[in-house]
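Observations on the three-dimensional arrangement
For reference, the chains in residue letters:
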Amino acid sequence: MIHMEHSYSPAFEKLYVASPVRFGAMLTVGLSLFDRVISISSAQQTWLKDKARLSDSKIVLIPPFVDLTDFLKMQPRLRPAKRIGAIGRLDPQKGFDSLIPAFRAAAFHGISLESFGVG
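Everything in this summary refers to the structure shown in the same document. (Residues numbered from 1 in each chain as written. Predicted model: local features only at pLDDT ≥ 70, side-chain atom pairs only at ≥ 80, totals over all residues. Heavy atoms only, no water.)

This paragraph deals with the environment of Phe96. Among the structural elements, Phe96 can be located in helix α5 (residues 96-106). Given the relative accessible area of 11%, Phe96 is considered buried. Put simply, Phe96 and Phe71 are 25 residues apart on the chain and 23 Å apart in space, counted from C-alpha to C-alpha. Once residues lying within four places of it in the same chain are set aside, the contact partners of Phe96 are Ala86, Ile87, Gly88, Arg89, Leu90, Pro101, Ser115 and Phe116. (Helix = DSSP H or I, 4+ residues; strand = E, 2+ residues; numbered from the N terminus. Buried < 20%, exposed > 50% of the residue type's maximum accessible area, 1.4 Å probe, protein only. Contact = heavy atoms within 4.5 Å.)

This is how it looks when you write it as structure tokens:
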């Protein structure tokens, strides 16, 4: 069995975990049931190895892949932005709950924030 871990991280633990020791025990026991654990970043991989006591042979790094080739070829806009887009799963882990008040507090005149996602 393979487990793909895409949520748990030091930031998740800091924000949402009341008992880090109990959380570490849960991760250790839960992830021990899998043959392999996939992490999505080297930082997460290092943290999971320590927190869940995973061996190097059990955890595999597969970072998300987004091809930015076309994006990087784009020429800069010659006029100011009129809107900013935020795209993602509408979940507290993604930070929309922080983005919206921060955008309002910045008081960008003539610029709108548009969010897209589900959740």
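So, about the pairing of strand β2 (residues 36-39). Regular strands have side chains that alternate between both faces of the sheet. The sheet contact formed by strand β1 (residues 2-4) and β2 spans three bridges and is parallel. In the sheet register, Met4 faces β2, and the bridge partner there is Ile38. What joins β2 to strand β3 (residues 59-61) is helix α3 (residues 42-51), and the crossover it makes is right-handed. (Pairing = 2+ DSSP bridges. Right-handed = clockwise from strand over helix to strand, strands pointing away.)

For helix α2 (residues 20-32), with 13 residues, the first-to-last C-alpha span of 18 Å sits near the 18 Å given by 1.5 Å per residue. Within the span of α2, buried status applies to Phe23, Gly24, Leu27, Thr28 and Leu31. The buried residues of α2 all sit within an arc of 135° when viewed along its axis, so they share a single face. The outward face of α2, more than 90 degrees from its buried face, is lined by the exposed residues Val21, Arg22 and Val29. Taken together, the buried residues of α2 touch β1, α1 (10-16), β2 and α3. (Expected span 1.5 Å × (residues − 1). Arc of directions from axis to C-beta.)

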